Amino acid sequence: MRHKEIIDFYKPRDFTDKLLTAAAFLFQNRKVIYLKSIFIAIPVILILGYLLKDYISLIHIFSHNTSAPFEQQNIYLLIRVGIFFLFSGISILFFMGYIAAVMFHYKNYELFNRKLSDISLNQTLSFTKKTWLVDMALSIPLIIVAGLTYLFIYFSPNTMIEILIMTQLSALFLIIFPPLSLSFFPVYFEGKRVYKSIREGFSLGIRYWDSTSGIFITSILISLFIQLLFTIPFYICLKQNASHFSCFIFGSLSVFSLFLTFPFIFISLAFQYLGMKKTKTGLYLKEFEDM
């Protein structure tokens, strides 16, 4: 049996090569990343697929009247959408932790001819906990800003002011989100504490903002294109007022596309971070080198 080639995380790569290497890593380790997690993912995909129609309905209601979702007849819909976001958030945190565990152990397991699939649930949960801590540290201020913005827009008498605020916030998020997306990797690969992980990941992302934004946006656009192919039947189902069972099946297929494409975004950003880290220090990260 031919031993597969080891992918060097720290090899200098240009923009295109980072995306191609992320795709190659994902394909090379597809059995570990997808097949081992699919049994946990299937129930979550089915639940989210069932609730996806409620989420779309709430967006439709909200777009016509910002206060309508909080009216009595829509409370149960709001609760179901809350469950949708709860399951989505937990699933993404766990999946990020699992992919991070795969990447962290990749070089060690391959060099010693051990199976990468030997990664335990405890190791995954450890990385999931790190993901949750960083995510909470980032989310709390963002949620506060979003909440205050919503209240300001809700009570604003001027539509032009609302448009101006939303435009400025969109531009601000576009600037800070790509660097913030690197905040997770120092805590994964170097064992940094949450604050230091956010500070180092964000500072590197700002320093190399152009390439980080390019990887962030391009990987998302590629993933969205693939997701669109899976989601078209679901929107046709909604448009034709098909049965709830049909929307459930196609909604689950739409959620499944996120399960397929999210690892590509995560791994692309990981290679971006590791490449910048090598560029900055000229050295391999100690954790990998000492293994």
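Residues numbered from 1 in each chain as written. Predicted model: local features only at pLDDT ≥ 70, side-chain atom pairs only at ≥ 80, totals over all residues. Heavy atoms only, no water.

1. Observations concerning the packing of aromatic side chains
Here a ring pair, both rings aromatic, is described through the centre-centre distance and the interplanar angle of the planes. Which entries qualify depends on this criterion: Each pair of aromatic rings taken from Phe, Tyr and Trp, with Trp reduced to its six-membered ring, is defined by centres within 6.5 Å and is described as stacked if the planes are under 30 degrees apart, edge-to-face if over 60, and tilted in the remaining cases. In this scheme, the term charge over a ring applies when either NZ of a lysine or CZ of an arginine sits within 6 Å of the ring centre and within 35 degrees of the ring normal.
Within the structure shown, the criterion is met by 19 aromatic pairs. Site record: aromatic cluster; members linked through ring pairs are Phe-104, Phe-127, Phe-185, Tyr-188, Phe-189, Phe-266 and Tyr-273. Between Arg-30 and the ring centre of Phe-27, over which it is positioned, the NZ or CZ distance is 4.1 Å. Note that Lys-130 overlies the ring of Phe-127, its terminal NZ or CZ placed 4.8 Å from the centroid.

2. Thoughts on the nonpolar core
Note the threshold: Each nonpolar core is a collection of buried residues, namely Ala, Val, Leu, Ile, Met, Phe, Trp, Tyr and Cys, held together in the definition by side-chain atoms within 4.5 Å. Only protein chains enter the accessibility calculation, which uses a 1.4 Å probe; a residue whose area is less than 20% of its type maximum is buried, one above 50% is exposed, and one in between is partly exposed. Counting from the N terminus, the helices are the DSSP runs of H or I reaching at least four residues and the strands are the DSSP runs of E reaching at least two.
Phe-25, Met-103, Phe-185, Tyr-188, Phe-266 and Ile-267 are the most contacted members of the largest nonpolar core, which totals 61 residues. The dominant element in this core, judged by the number of residues it contributes, is helix α10 (residues 244–281), at 14 residues.

3. Remarks on the environment of Leu-253
Counting through the fold element by element, Leu-253 comes out in helix α10. Note: C-alpha distance between Leu-253 and Phe-230 (23 residues apart in sequence) is 6.3 Å.

4. Notes on the side chain of Thr-231
Inclusion rule: Think of a polar contact as two N or O atoms within 3.5 Å of one another; within protein, one of them needs to be a possible hydrogen donor and the other a possible acceptor, and neighboring residues in sequence only count if both atoms come from side chains.
Of note, Thr-231 is situated in helix α9 (residues 209–239). The buried category is assigned to Thr-231, whose relative accessible area is 11%. At 2.6 Å, the side chain of Thr-231 and the backbone oxygen of Gln-227 are in polar contact.

5. Points about the confidence of the model for the chain
For clarity, the threshold we go by: Known as pLDDT, the predictor's per-residue confidence is scaled from 0 to 100. By definition in these notes, contact holds between two residues if any of their heavy atoms fall within 4.5 Å.
On average, residues of the chain score 78 in pLDDT, and 74% of them reach the 70 mark or higher. Counting interchain partners and residues more than four positions distant, the pLDDT-below-50 stretch residues 281–291 has 25 contacts.

6. A few points about the pattern of salt bridges
Rule in force here: Any Lys or Arg side-chain nitrogen located within 4 Å of an Asp or Glu carboxyl oxygen qualifies as a salt bridge.
One pass over the full model with this rule turns up 2 salt bridges. For Lys-192, the salt bridge goes to Glu-190, with nearest N and O atoms at 3.6 Å. Of the charged contacts, one joins Glu-200 and Lys-192 as a salt bridge, the two residues approaching to 2.4 Å between their closest N and O atoms. The class for Lys-192 is partly exposed, based on a relative accessible area of 24%.

7. Examining helix α8 (residues 194–207)
For clarity, the threshold we go by: To estimate how far a helix should reach, multiply one less than its number of residues by 1.5 Å.
The end-to-end C-alpha distance of α8, which contains 14 residues, comes to 20 Å, matching closely the 20 Å that a straight helix rising 1.5 Å per residue would cover. Ser-197, Ile-198, Glu-200, Gly-201, Leu-204 and Gly-205 are the residues of α8 that are buried.

8. Quick look at the environment of Ala-24
By the secondary structure assignment, Ala-24 is in helix α1 (residues 15–28). Residue class for Ala-24 comes out partly exposed when judged on its relative accessible area of 37%. Along the sequence, Ala-24 and Phe-264 sit 240 residues apart, while their C-alpha atoms lie 9.7 Å from each other.

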